[in-house]
Number of protein chains: 2
Amino acid sequence: MNSTLPDVDLTKLPTRAPKHVHKDETKREMRKIREELVEWQERLYAENKRSILVVLQGMDASGKDGLIRRVFSGINPQGVRVYSFKEPTKDELAHDFLWRIHQRTPGHGMIHVFNRSHYEDVLVTRVDKLIDDATAKQRFAAINHFEELLQQAGTTVLKFYLNVSEEEQEERLAERVNNPSKQWKYEPGDDHKAGQWPAYRQVYEDVFKHCSPPSCPWHLVPSDQNWYKAYEVARTLRDTLADLNPTYPESKLTRPE
Amino acid sequence: MNSTLPDVDLTKLPTRAPKHVHKDETKREMRKIREELVEWQERLYAENKRSILVVLQGMDASGKDGLIRRVFSGINPQGVRVYSFKEPTKDELAHDFLWRIHQRTPGHGMIHVFNRSHYEDVLVTRVDKLIDDATAKQRFAAINHFEELLQQAGTTVLKFYLNVSEEEQEERLAERVNNPSKQWKYEPGDDHKAGQWPAYRQVYEDVFKHCSPPSCPWHLVPSDQNWYKAYEVARTLRDTLADLNPTYPESKLTRPE
């Protein structure tokens, strides 16, 4: 995976699995990884010293909800918490943009998943021209400092961008209109959003350029296929946990040798 | 299940599955229920109008953690949140006893699980003689009003007491000492706790007597066997969701007839 990413061009990055990857084999592997995640989460929770923050970003209809279900269902919910960041409330807007985010970072032993995040404050706000470039720059720096703070306190921050192609996004948004079981997801703004891929592409590329320190890179995940996307995220999480290698704490029992 | 429970005698209530219940059959049924729960949770979340609060109480080693894993793993974690209430912090103690609880009640579409709850404030506090009987009475009334408030706002409150026998509890606490993979759960106070079953029995019986309005009964779950306990809780939750019968909302699409 890339660490720093000067001048990313999203149109040149893959949105589908590499040719040599087979779907059936990947699904088998995915089942194994899910079992491993169950075990690693238990150790992280028992150890009670470190934590993981999974940040999920992606354009509309890039499949964030489905990914959360595919990767995190099955893990003990006592150790996993998912937060969706929607439009800020009045009270949240009365504070700095990281205020509501900071309240939801994981404590020792926990895995938190952010479905959208502090990055929205340099994405949708820029596309809708609510902030200027100078403010965006300030926020990039603030985000880098914030993520550094978390990592220094034992929270590994994993950032995933679900890279979906303009064509696939269009198709999925159209499905919300035409598939009765998906119509409840349709929002009146969706038609408008469908045309915004190029605008979002630009602000995302700017995020990757400015918020990718070596200690906290973005993982750009090919996301036109749900099975491959979930696999990539689950595998990265598993590998991260294996590196952390949390262990069951010493017994508090005192007894004769 | 019982609704109001005047003068419950915990020593006379079952701690094991009824004779006619078969373990294998129950486990098969449990798999089916877990699939149904996945579907119902999705509807509750999509409907986004009502919510469920699951309150879990039980003495030490009654198996609350394991129950949460057995019943709620597999459900989309985006719609489920588990909160453990431990000893209150200084800031929490500077407020009324429901202050920290109220902040964690479920919003529309959510299922929250309380691993211990506001009931600790009329349980451990009484056993340790931190409050007198008059204060306990006040708190019973406050709890009933609080749960009524939640239910009026569309939150179904499901209260489960995991009824474990004195013998089984003793055995499980001993296992924390003798089983290397469980030693990390051992707390220095455990030896002391083992002798407190009768004291806790008494304050629990008082809770069942005073906090069981017909609209919000306690479910007393035989809990010496993990498979049966999980089944009882899962089944009650499934039945509750089926009664609520949440539906996918109308499409927001407007189009010609």
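Details of the structure are given in the entry above.
Parameters at a glance
Residues numbered from 1 in each chain as written. Chains lettered and ligands numbered in written order. Predicted model: local features only at pLDDT ≥ 70, side-chain atom pairs only at ≥ 80, totals over all residues. Heavy atoms only, no water. Helix = DSSP H or I, 4+ residues; strand = E, 2+ residues; numbered from the N terminus. Rg over C-alpha atoms; globule rule 2.2 N^0.38 Å. Buried < 20%, exposed > 50% of the residue type's maximum accessible area, 1.4 Å probe, protein only. Areas by Shrake-Rupley, 256 points an atom, 1.4 Å probe, with all protein chains shown as cover. Lys, Arg positive; Asp, Glu negative; His and termini not counted. Charge placed at Lys NZ, Arg CZ, Asp CG, Glu CD. Salt bridge = Lys/Arg side-chain N within 4 Å of Asp/Glu carboxyl O. Pairing = 2+ DSSP bridges. Axes fitted to C-alpha atoms, helices over the stretch in contact; angles between N-to-C directions. Phe/Tyr/Trp six-rings, centres within 6.5 Å; stacked < 30°, edge-to-face > 60°. Lys NZ or Arg CZ within 6 Å of the ring centre and 35° of its normal. Left-handed = near helix turned anticlockwise from the far one by under 90°. Contact = heavy atoms within 4.5 Å. Nonpolar A, V, L, I, M, F, W, Y, C, P; charged D, E, K, R; others polar. Least-squares fit on C-alpha atoms with pLDDT ≥ 70 in both. Patch = residues over 30% accessible without salt bridge, like charges linked within 9 Å, V, L, I, M, F, W, Y side chains within 5 Å. Buried area = accessible area lost by both parts, 1.4 Å probe. Polar contact = N/O pair within 3.5 Å; in protein donor to acceptor, adjacent residues only side chain to side chain.

Q: Explain the overall build of chain A to me, please; I cannot follow it from the model alone.
A: Regarding its fold elements, chain A presents 10 helices and 5 strands. Computed over C-alpha atoms, the radius of gyration of chain A comes to 19 Å, within 12% of the 18 Å expected from 2.2 N^0.38 for 257 residues, which places it in the range of a compact globule. Principal axes of the C-alpha set define a box for chain A whose edges measure 70 × 45 × 35 Å. Burial analysis of chain A (257 residues in total) assigns 51% to the buried set. Total accessible area on chain A stands at roughly 12,700 Å², and carbon and sulfur atoms take up 48% of it. With 38 positive and 40 negative side-chain charges, chain A shows a separation of 3 Å between the mean positions of the two kinds.

Q: What exactly am I supposed to notice about the pattern of salt bridges here?
A: Any two side chains of opposite charge can pair, on the condition that their charged atoms come close. Enumeration according to the criterion identifies 38 salt bridges over all chains in this entry. Ionic pairing is found between B:Asp60 and B:Arg116, a salt bridge with its closest N-O pair at 3.3 Å. One end of the pair, B:Asp60, is in the loop between strand 1 (51-58) and helix 2 (64-72); the other, B:Arg116, is in the loop between strand 3 (111-115) and helix 5 (124-127), and 56 residues separate them in sequence. Through salt bridges with shared partners, a single ionic network connects A:Asp9, A:Lys12, A:Arg201 and A:Glu205.

Q: Looking at this model, I keep getting lost on the pairing of strand 2 (residues 80-84) of chain A. Mind explaining?
A: In summary, the side chains of a regular strand alternate between the two faces of the sheet. All names here are of chain A. Burial within strand 2 is extensive, with 4 of its 5 residues counted as buried. Direction of pairing for strand 2 relative to strand 3 (residues 111-115): parallel, over a ladder of 5 bridges. Paired with Ser84 across the strands is Asn115, a residue of strand 3.

Q: I would appreciate a short explanation of the pairing of strand 3 of chain A in the present structure.
A: Residue and element names in this part refer to chain A. Of all 5 residues in strand 3, 5 are buried; the element is thus mostly enclosed. Covered by surrounding structure in strand 3 are Ile111, Val113 and Asn115 together with His112 and Phe114, the residues of both alternating faces. Alignment of strand 1 (residues 51-58) against strand 3, held across 5 bridges, turns out to be parallel. In the sheet register, Leu53 faces strand 3, and the bridge partner there is His112.

Q: Just to check I follow, could you spell out the sheet that holds strand 5 (residues 218-222) of chain A for this structure?
A: Residues and elements named next belong to chain A. Sheet architecture is open: 5 strands sit in the order 2-3-1-4-5, paired in parallel fashion. Every other strand in the sheet has two partners, leaving strand 2 and strand 5 as the edge strands with one partner each. Each strand of the sheet is rotated relative to its neighbour by a mean of 20°, with strand direction disregarded. Relative to strand 4 (residues 155-163), strand 1 is paired through 8 bridges, and the arrangement is parallel. Bridge assignment links Leu56 to a residue of strand 4, and that residue is Phe160.

Q: Can you help me understand the packing of aromatic side chains in this one?
A: Where two aromatic rings form a pair, the distance of their centres and the angle of their planes describe that pair. All names here are of chain A. A full pass over the atoms with the stated rule returns 20 aromatic pairs over all chains. Here Tyr119 and Trp218 contribute two aromatic rings whose centre-to-centre distance is 4.8 Å and whose plane-to-plane angle is 70°, an arrangement assigned as edge-to-face. Placement of the pair is Tyr119 in the loop between strand 3 and helix 5 (124-127) and Trp218 in strand 5, with a sequence separation of 99 residues. Given a relative accessible area of 1%, Trp218 falls into the buried group. Its end group placed over the ring of Phe97, Arg139 keeps NZ or CZ at 4.8 Å from the ring centre.

Q: Please explain the packing of helix 1 (residues 23-47) of chain A against helix 10 (residues 226-244) of chain A as it appears in this structure.
A: Think of two packed helices as two axes; the pair is described by the angle between the axes and how far apart they sit. All names here are of chain A. Running from amino to carboxyl end, helix 1 crosses helix 10 at an angle of 35°, the nearest separation of the two axes being 9 Å. The hand of the helix 1/helix 10 crossing is left-handed. Of the residues in helix 10, those touching helix 1 at Lys23, Thr26, Lys27, Glu29, Met30, Ile33, Glu36, Leu37, Trp40 and Leu44 are Trp227, Ala230, Tyr231, Ala234, Arg235, Leu237, Arg238, Leu241 and Ala242. For the contact of helix 1 with helix 10, the residue count by class is 12 nonpolar, 1 polar and 6 charged.

Q: Please clarify how the relation of the copies chain A and chain B should be interpreted in this entry.
A: A rotation about an axis combined with a shift along that same axis relates the two copies of the chain. The transformation that overlays chain A on chain B combines an axial shift of 0.0 Å with a rotation of 180°, and the residual RMSD is 0.0 Å. Such values leave the two copies arranged in the relation of a two-fold axis. Relative to the rotation axis, the C-alpha of A:Gly74 is the closest in chain A, positioned 2.1 Å from it. Taken as a fraction of all interface residues of chain A, those also at the interface in chain B reach 100%, which identifies the copy contact as same-surface.

Q: Please clarify how the sheet that holds strand 1 of chain B should be interpreted in this entry.
A: Whether parallel or antiparallel, the strands of a sheet pair through hydrogen bonds between backbone atoms. All names here are of chain B. Spatial strand order, 2-3-1-4-5: 5 strands in an open sheet with parallel pairing. Edge positions in the open sheet fall to strand 2 (80-84) and strand 5 (218-222), since each of these has one partner strand only. The mean angle between the axes of side-by-side strands here comes to 20°, regardless of whether they run parallel or antiparallel. The pairing of strand 4 (residues 155-163) with strand 5 spans 5 bridges and is parallel. Across the sheet, Asn163 pairs through a bridge with Pro222, a residue of strand 5. Sitting on the sheet, helix 6 (residues 133-152) is in contact with strand 1 and strand 4, with an inclination near 135° to strand 4.

Q: Got a minute to help me understand a positive patch on the surface in this structure?
A: Residues and elements named next belong to chain A. Taken together, the side chains of Lys23, Lys27, Arg28, Arg31, Arg69 and Arg70 present a region of like positive charge at the surface. Of all elements in the fold, only helix 1 and helix 2 (64-72) reach the threshold of two or more residues within the positive patch. Top contributing element to the positive patch by residue count: helix 1, with 4 residues. With respect to the helices and strands, the residue Arg31 is situated in helix 1. Looking at Arg31, the relative accessible area reads 52%, which means it is exposed.

Q: Is there a simple way to think about the interface of chain A and chain B in this case?
A: How large an interface is tends to be reported as the accessible area lost when its parts come together. Taken residue by residue, the interface counts 31 residues in chain A and 31 residues in chain B. Interface area, chain A with chain B, both sides summed: about 2,800 Å², of which 56% is carbon and sulfur. Here chain A is connected to chain B by 0 salt bridges. One can count 6 residue pairs in polar contact (both at pLDDT 80 or more) joining chain A with chain B. For the side of chain A that touches chain B, the secondary-structure elements that each account for two or more residues are helix 1, helix 2, strand 2 and helix 7 (166-178) of chain A. When residues of the side of chain A that touches chain B are assigned to their parent elements, the largest contribution, 5 residues, is made by strand 2 of chain A. A class-by-class count of the residues in the side of chain A that touches chain B yields 16 nonpolar, 8 polar and 7 charged.

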